[in-house]
Amino acid sequence: KIILASVCVAFLAVKWTAPSFDADSLRGARVVVTGASTGIGEQMAYHYARFGAQIVITARREKVLQQVAEKCLSLGAQKALYIAADMATESDPDEVVDFALEKLGGLDYLVLNHIGPSPFTLWDGDVEHTRWLMKVNFFSYIQMAWKAMASLEQSKGSLVIVSSLLGKMPSPFVAPYTSTKFALNGFFGALQHELAMKKSNVSISICTLGLIDTEAAMEKVRGVTNVPAYPATDAALNIIITGATRQPELFYPWFTHIVTLSKDWFPAITNYFIQNSYNYIP
Ligand code: NDP
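The structure contained in this document is the topic of the report that follows.

**Digging into the site of the ligand**
Part 1 of the reasoning: The full set close to the ligand counts 31 residues, and S37, R60, R61, Y177 and T214 are the nearest of them.
Part 2 of the reasoning: Here an oxygen atom of the ligand and a backbone polar atom of G35 are 3.1 Å apart.
Part 3 of the reasoning: Here a nitrogen atom of the ligand sits 3.0 Å away from a polar atom, N or O, in the side chain of D86.
Part 4 of the reasoning: It is strand β5 (residues 158-164) that provides the largest number of residues to the shell around the ligand, a total of three residues.
Part 5 of the reasoning: A per-class count over the shell around the ligand returns 16 nonpolar, 11 polar and four charged.

Laid out in structure tokens, this is it:
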């Protein structure tokens, strides 16, 4: 009980000391959001639009991007441009950053959010899929981050990485996906240190999300788990605020922070809960 109380006090102290968010700081901000045709990325595009930002959105489906961009303009975006790109290719990640730099004249926020589709099943030995998923969910992130770094350095900008509780805590049925999120946390965690040591202007925010009610996620877990799902629009707003206030980490919903801590302190109990939170009969 004492440990639990200490964790709660530490958690509340972090919340209370978090810097306050100034919505005006996003007016005219030059933003790239990846994976913005649907889900959390689409919701982030709409929030940035309401704040009056200049947005470049990307994903593979051009027609859907066009519709999202139109809605962004109607919500108040100063600019809403789109570029179709497949993050599994060598050249597309760089091309998206080049497009944004050219059209916006620089960059204040690079929000890396896209993920390739991946099955929710027991690992079946498909190494090729994992290799492909690493390209989409990890290598394209580091490629885009590097390409945008000089511009972010100039603008005192921010890199926002959308990660997952599954990047801190291995879980069944998603081994390839979990691996890509662990890779992101490792890489961008190391980069946070390096930028701080170099006294860089660029901030990195790593966002740890629990289950969010996007269509793609719900389709996978419906009937399989009763873990509560949180609203994509609220997750999206929390990610944006974390980036705008240059905080190094977000845990959304709040209890993902407690889960992250408890898995190291009480591994046996945590493993019991993980393995029993799915309807699985061998
Ligand atoms: P979705 O599956 O709803 O959206 C994924 C986005 O990525 C789409 O816009 C999709 O568009 C795009 N995309 C897919 N493949 C590629 C590709 N090869 N190249 C470029 N873009 C691609 O994801 P969510 O909104 O659910 O998740 C968003 C982020 O939040 C992810 O980083 C995810 O890991 C994280 N997260 C989500 C959770 C959840 O429960 N939803 C939980 C924890 C973390 P298109 O098909 O048009 O290319």
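**Notes on the pairing of strand β6 (residues 203-209)**
Part 1 of the reasoning: Buried residues dominate β6, accounting for seven of its seven residues.
Part 2 of the reasoning: The side-chain alternation of β6 yields two buried faces, one formed by S203, S205, C207 and L209 and the other by I204, I206 and T208.
Part 3 of the reasoning: The pairing of β5 with β6 spans seven bridges and is classified as parallel. In the strand pairing of β6, L159 is matched with I204.
Part 4 of the reasoning: Taken together, β5, helix α6 (residues 175-197) and β6 constitute a β-α-β crossover, and its handedness is right-handed.

**What about the packing of aromatic side chains?**
Both the distance between ring centres and the angle between the ring planes are used here to describe each pair of aromatic rings.
Part 1 of the reasoning: Going through the model one piece at a time under the given rule, you end up with 13 aromatic pairs.
Part 2 of the reasoning: With 5.4 Å between their ring centres and 40 degrees between their planes, F120 and F173 make a pair best called tilted. One end of the pair, F120, is in the loop between β4 (109-112) and α5 (127-155); the other, F173, is in the loop between β5 and α6, and 53 residues separate them in sequence.
Part 3 of the reasoning: Judged by its relative accessible area of 13%, F173 falls in the buried class.
Part 4 of the reasoning: A connected cluster of aromatic rings, assembled from ring pairs, spans F120, F173, Y278 and Y280.

**Side note on the pattern of salt bridges**
Part 1 of the reasoning: Scanning all chains against the criterion turns up six salt bridges.
Part 2 of the reasoning: The residue D24 makes a salt bridge to R27 at a minimum N-O spacing of 3.8 Å.
Part 3 of the reasoning: Judged by its relative accessible area of 52%, D24 falls in the exposed class.
Part 4 of the reasoning: Here R27 falls in the exposed class, since its relative accessible area comes to 51%.
Part 5 of the reasoning: Of the charged contacts in the structure, one is a salt bridge between D264 and K263, with a shortest N-O distance of 3.1 Å.

Rules used throughout
Residues numbered from 1 in each chain as written. Predicted model: local features only at pLDDT ≥ 70, side-chain atom pairs only at ≥ 80, totals over all residues. Heavy atoms only, no water. Near = heavy atom within 4 Å. Polar contact = N/O pair within 3.5 Å; in protein donor to acceptor, adjacent residues only side chain to side chain. Helix = DSSP H or I, 4+ residues; strand = E, 2+ residues; numbered from the N terminus. Nonpolar A, V, L, I, M, F, W, Y, C, P; charged D, E, K, R; others polar. Buried < 20%, exposed > 50% of the residue type's maximum accessible area, 1.4 Å probe, protein only. Pairing = 2+ DSSP bridges. Right-handed = clockwise from strand over helix to strand, strands pointing away. Phe/Tyr/Trp six-rings, centres within 6.5 Å; stacked < 30°, edge-to-face > 60°. Salt bridge = Lys/Arg side-chain N within 4 Å of Asp/Glu carboxyl O.

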